[in-house]
Amino acid sequence: MGKLKKITALCTALSLIAGCGVTASLPEDTTDEAEEKVEQETPARAQDDFYRYINEDVLKKLSFRPGEVSSSGAFDQKIIEDQVKGVVSEVASGSGYEKGTEEDIIKTAYDLYSAYDFESSPVPTELDGLLREINDASSVDELLKIDAKLQTDYNITNLFNINIDSNYFSPEDMILVFQQYHDFMGVNFTTLEDTYSPLNSVKKSASAYYSALGHDKDISDEVGTELGHIAMDIYNSTDQELLHADMTYNYFKIYSLDEMQGILPSVDLVKYIENLGIDSQYCGEFAVYDPAQLESLGKILTEDNLEALKAWKMASLGSMYQKFIANGYDALKDLVIIDYDPRETQIINEIYNSFPAETDPIYVEKYYSDEADNALISLCDRIKTEYRVLISGADWLNEATRQGLLNKLEKIEYVTGADSVRHDASEYASLPADNYFEYFLSYKKKKFQEKIELLKNGIPRDKVLMNMQTFNACYNPSLNNITITVAIMNGAFFDLNADFYTNLGGIGMVIAHEMGHGFDNSGVLFDENGKYNPGWVGAEDTAALEKRNSQAVDYFEDNFTVLHVYHVDGEQTLGENYADLGAMECISSIPETDEQRKLLFENYARIWCTKKSEDSVISQIDEDVHSPEVIRVNAILSTVNSFYETYGLKEGDGMFIPAEKRISRWH
């Protein structure tokens, strides 16, 4: 869990205000004089607060949309949402699509949803029967068989949270993974750290579904309360460090079938896996993240808890299919959230949220060009070249480690919009289209079957694993690749008409950041072939890396504050801070003049321009592995020598850090 670090007096240097350089709110224990001082802040100087210097005019104009606690000045993500919804609308208005294509699926789903009367239509016989089948289960074994069917036929997450993922110890293979529960029936576990009150929603939902099947209201409430206690037990057994970890590879452990049966002694695991539609040949070994949580989960599988477990599975079914179920049972009416949007908006929102895999390739074709991809790949190659120079010059590494890191660098691949491919239309051509429920159900089942196929075929390194309409970029250590989505190639991040150095400070920084994750405190544990192998870096170099880790933790904790009084947790944010630090060392070595460096530094500050509520900033410091935006700008630039030279920083300036206290990822 993140540690919220607080000091009782303002720093002597100009205080940093995370996310908003114009917000003046301070904790109550700060003096009135300090509040007045902040309210009357003069315009920022580049040498004192570069984040505010670049962004303060934009920050003054930013406001929050209803229900939101942040607003970005770098790019309005609603533009992407509107573009994708525009794809839905455009496709829906057309006709004559080849059966099974993305357009056909969107058009069919749109028409069927439009024709479906959710308020008056009876609960589909199949769903009503399934709820009653759960209700009539007479044993835990019988319920587990139904649970497996919920996964295979309805794509509802199974009780054990089993997924199919890469085997970090053998990256060319896939493996069945018991994931850690991060939430329970919509209640995020991080919210339970201070109070159990959010579990009232678990009780309410479970009680409603149990009551809907004809049980007495008081008994249903008791069952809901029991399920709330089960949720508490699972939460209390959860590894809290893993719950808050960003890079979770250290927790990935391989277990044999015999070892798994020791964790889940009451479960016939092979039979359960076979009921999921997975061949028993994949039961030789499993991966587990949180064995204590899994063992706790196994212990609740008793006949004494059967009714609460049944309520859990009813509510799980209802969570995905509630729009088809809720209006059919009086007990569920209170769970229905009334949507006041126009009918057309509701339909488009449904397709947007339920069929992103279908809108994605159309979005790419419409909004991504060969010219943009060529510019992106060229930038990736340029950044890789600079990393090659940095790693080659890291004389604190021994030659074997340096060469290993260079080999790993050379093997990094880029996944872009150009790698987006359409699915085989013939595989989707026969989806039943009698009504929206049948179509939605068959589509969800198809998606789970495709996931099972990954066990047989693995994942190619150029496969798009993240929707290109998602505003994001990521590094995958097992595949040793970087995904840069089409959505992030917008706004301050990338502009085909902008100069090279402006784009270098935008999308170039993002690329360098993700590439840097291959060599951060977690990514460096994967060798050049993507295998999780902490021992591949020698003991001497490991000690040197750990020393640098400690220096980085101290640098971020000791020199910077947010909201005037809070320090980031250097351990919690180490991986992301390292990726930022290495990225800036990389890209700032490319410009040759002050003017070029200014273009880079200024756009780097712009891409992090974000206004946030004070509560959301405090939550970020406590829970997030990413430092607040102002830290990502000022703390990083305060340790870059070329920034000092470009802006003439000197002792006494707000961003000045003595040379001996500055840190470096590679030098």
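Preceding this section is the structure that the text describes.
Described in the following lines is the structure provided in the data block. In every chain, residue numbers begin from 1 and rise along the written sequence. The predicted origin of the model limits local features to residues at a pLDDT of at least 70 and limits the giving and counting of side-chain atom pairs to 80 or more, whereas totals for whole chains, interfaces and linings rest on all residues. With hydrogens and water set aside, each side-chain value is computed from the structure's full complement of heavy atoms.

**Some remarks on the sheet that holds strand β7 (residues 253-256)**
Line of reasoning, step 1. At least two bridges found by DSSP between two strands are what make those strands a pair. Helix numbering and strand numbering both begin at the N terminus, where a helix is a DSSP run of H or I of at least 4 residues and a strand a DSSP run of E of at least 2. Ordered in space as β3-β4-β8-β7, the four strands form an open sheet in which the pairing is mixed. Looking along the sheet, the strands with just one partner apiece sit at the ends: β3 (162-166) and β7. Between one strand axis and the next, the sheet turns by 40° as a mean value, whatever way the strands run.
Line of reasoning, step 2. As judged from the four bridges shared by β7 and strand β8 (residues 285-288), these two strands associate in the antiparallel manner. By the bridge assignment, Lys 253 is partnered in β8 with Val 288.
Line of reasoning, step 3. In this analysis, two residues are considered to be in contact whenever any of their non-hydrogen atoms come within 4.5 Å of each other. Axis geometry follows a simple rule: fit a line to the C-alpha atoms, using only the stretch in contact for helices, then measure angles between N-to-C directions, giving values from 0 to 180 degrees. The sheet strands contacting helix α18 (residues 436-457) are β3 and β4 (174-178), and the helix crosses β3 at an angle near 45°.

**So, the packing of helix α7 (residues 200-212) against helix α8 (residues 217-236)**
Line of reasoning, step 1. One way to put it is that α7 packs onto α8 with a least axis distance of 8 Å and a crossing angle of 140°. One finds that α7 runs oblique with respect to α8. The handedness of the crossing between α7 and α8 comes out as right-handed. Taken together, the residues of α8 that come into contact with α7 (itself represented by Val 202, Lys 203, Ala 206, Ser 207, Tyr 210 and Ser 211) are Lys 217, Ile 219, Ser 220, Asp 221, Val 223, Gly 224, Thr 225, Leu 227 and Gly 228. These descriptions rest on fixed angle ranges, namely under 35 degrees for roughly parallel, over 145 for roughly antiparallel, 65 to 115 for roughly perpendicular, and the rest for oblique. Note on convention: near helix rotated counterclockwise from far helix by under a right angle means a left-handed crossing. Clockwise means right-handed.

**What about the pairing of strand β11 (residues 481-484)?**
Line of reasoning, step 1. Across the two faces of β11 the burial is the same, with Asn 481 and Thr 483 and Ile 482 and Ile 484 all buried.
Line of reasoning, step 2. When strand β9 (residues 413-415) meets β11, the two strands line up parallel, connected through three bridges. Within β11, the position partnered with Val 415 by the bridge is Thr 483.
Line of reasoning, step 3. As judged from the four bridges shared by strand β10 (residues 473-476) and β11, these two strands associate in the antiparallel manner. Pairing of Cys 474 across the sheet is with Thr 483, part of β11.
Line of reasoning, step 4. As consecutive antiparallel partners, β10 and β11 are separated by four residues, and within that stretch Asn 480 has a phi angle of approximately 50°, a positive value. Here's how the labels work: a residue is buried when its accessible area is under 20% of the maximum for its type, exposed when over 50%, partly exposed in between, all with a 1.4 Å probe on protein chains only.

**Some remarks on the packing of aromatic side chains**
Line of reasoning, step 1. Pairs were defined over the aromatic rings of Phe, Tyr and Trp, the Trp ring being its six-membered one, requiring ring centres within 6.5 Å. Orientation was assigned from the angle between planes: stacked under 30 degrees, edge-to-face over 60, tilted for the rest. One pass over the structure, following the stated rule, counts 44 aromatic pairs.
Line of reasoning, step 2. A centroid spacing of 4.7 Å and a plane angle of 40° characterise the contact between Phe 184 and Trp 312, whose relative ring orientation is tilted. Of the two residues, Phe 184 is situated in strand β5 (residues 183-184) and Trp 312 in helix α13 (residues 306-325); the sequence distance between them amounts to 128 residues. Note on accessibility: Phe 184 and Trp 312 belong to one class, buried.
Line of reasoning, step 3. Centroid distance Phe 500 to Tyr 501: 5.0 Å. Interplanar angle 85°. Geometry classified as edge-to-face.
Line of reasoning, step 4. The buried category is assigned to Tyr 501, whose relative accessible area is 19%.
Line of reasoning, step 5. Taking the ring centre of Tyr 428 as reference, the NZ or CZ of Lys 446 above it sits at 5.4 Å.
Line of reasoning, step 6. We call a charge positioned over a ring when the NZ of a Lys or the CZ of an Arg lies within 6 Å of the ring centre and within 35 degrees of the ring normal. Above the ring of Trp 396, the side-chain terminus of Arg 548 is found at 4.0 Å from the ring centroid.

**Some thoughts on the side chain of Lys 107**
Line of reasoning, step 1. Note that Lys 107 resides in helix α4 (residues 102-115).
Line of reasoning, step 2. Under the rule applied, a polar contact is a pair of N or O atoms within 3.5 Å (in protein, one hydrogen donor and one hydrogen acceptor; residues adjacent in sequence only if both atoms are side-chain atoms). Here Gly 94 takes part through its backbone oxygen, which lies 3.3 Å from a polar atom of the side chain of Lys 107.
Line of reasoning, step 3. Among all residues touching Lys 107, those that are not within four sequence positions of it are Val 91, Ala 92, Gly 94 and Tyr 97.

**Describing unusual backbone geometry**
Line of reasoning, step 1. Backbone geometry places Met 185, a non-glycine residue, at a positive phi of 50°.
Line of reasoning, step 2. Within the secondary structure, Met 185 is located in the loop between β5 and β6 (187-188).
Line of reasoning, step 3. Classification of Met 185 as partly exposed rests on a relative accessible area of 25%.
Line of reasoning, step 4. Positive phi, close to 55°, is recorded for Leu 563, a residue that is not glycine.
Line of reasoning, step 5. Within the secondary structure, Leu 563 is located in the loop between α21 (539-559) and β12 (566-567).
Line of reasoning, step 6. Given a relative accessible area of 4%, Leu 563 falls into the buried group.

**Some remarks on the pattern of salt bridges**
Line of reasoning, step 1. One speaks of a salt bridge when a side-chain nitrogen belonging to Lys or Arg is within 4 Å of a carboxyl oxygen belonging to Asp or Glu. With the rule as written, the count across this model stands at 34 salt bridges.
Line of reasoning, step 2. Between Arg 461 and Glu 413 there is a salt bridge, with the nearest N and O atoms lying 3.2 Å from each other. Residue Arg 461 is located in the loop between α18 and β10, and its partner Glu 413 is located in strand β9; the two are separated by 48 residues in the primary sequence.
Line of reasoning, step 3. Connected via shared salt-bridge partners are Arg 45, Asp 48, Lys 650 and Asp 653.

**Considerations on the nonpolar core**
Line of reasoning, step 1. Throughout, nonpolar core names a set of buried Ala, Val, Leu, Ile, Met, Phe, Trp, Tyr and Cys residues whose side chains join them through atoms within 4.5 Å. In terms of nonpolar packing, the biggest core is built from 111 residues, with Phe 50, Ile 383, Tyr 387, Ile 507, Met 584 and Trp 666 touching the most fellow members.
Line of reasoning, step 2. Sort the elements by how many residues they give to this core and helix α16 (residues 370-392) lands first, with eight residues.
Line of reasoning, step 3. The contacts of Tyr 387, once residues within four sequence positions are left out, are Leu 409, Ala 512, Met 515, Gly 516, Gly 582, Ala 583, Cys 586 and Trp 666.
Line of reasoning, step 4. Tyr 110, Phe 189, Leu 192 and Tyr 321 belong to the second largest nonpolar core, which has 104 residues in total.

**Some remarks on α13**
Think of an α-helix as 3.6 residues a turn; residues three or four steps apart then line up on the same face.
Line of reasoning, step 1. What a helix is expected to span follows from its residue count: subtract one and scale by 1.5 Å. The terminal C-alpha atoms of α13 lie 23 Å apart, and with 20 residues this falls more than 12% below the ideal 28 Å at 1.5 Å per residue.
Line of reasoning, step 2. At Ser 319, α13 is bent by approximately 70°, the largest bend along its length.
Line of reasoning, step 3. The buried fraction of α13 is high, at 15 of 20 residues. The bend reported for a residue corresponds to the angle between axes fitted to the seven residues ending at that residue and the seven starting there.

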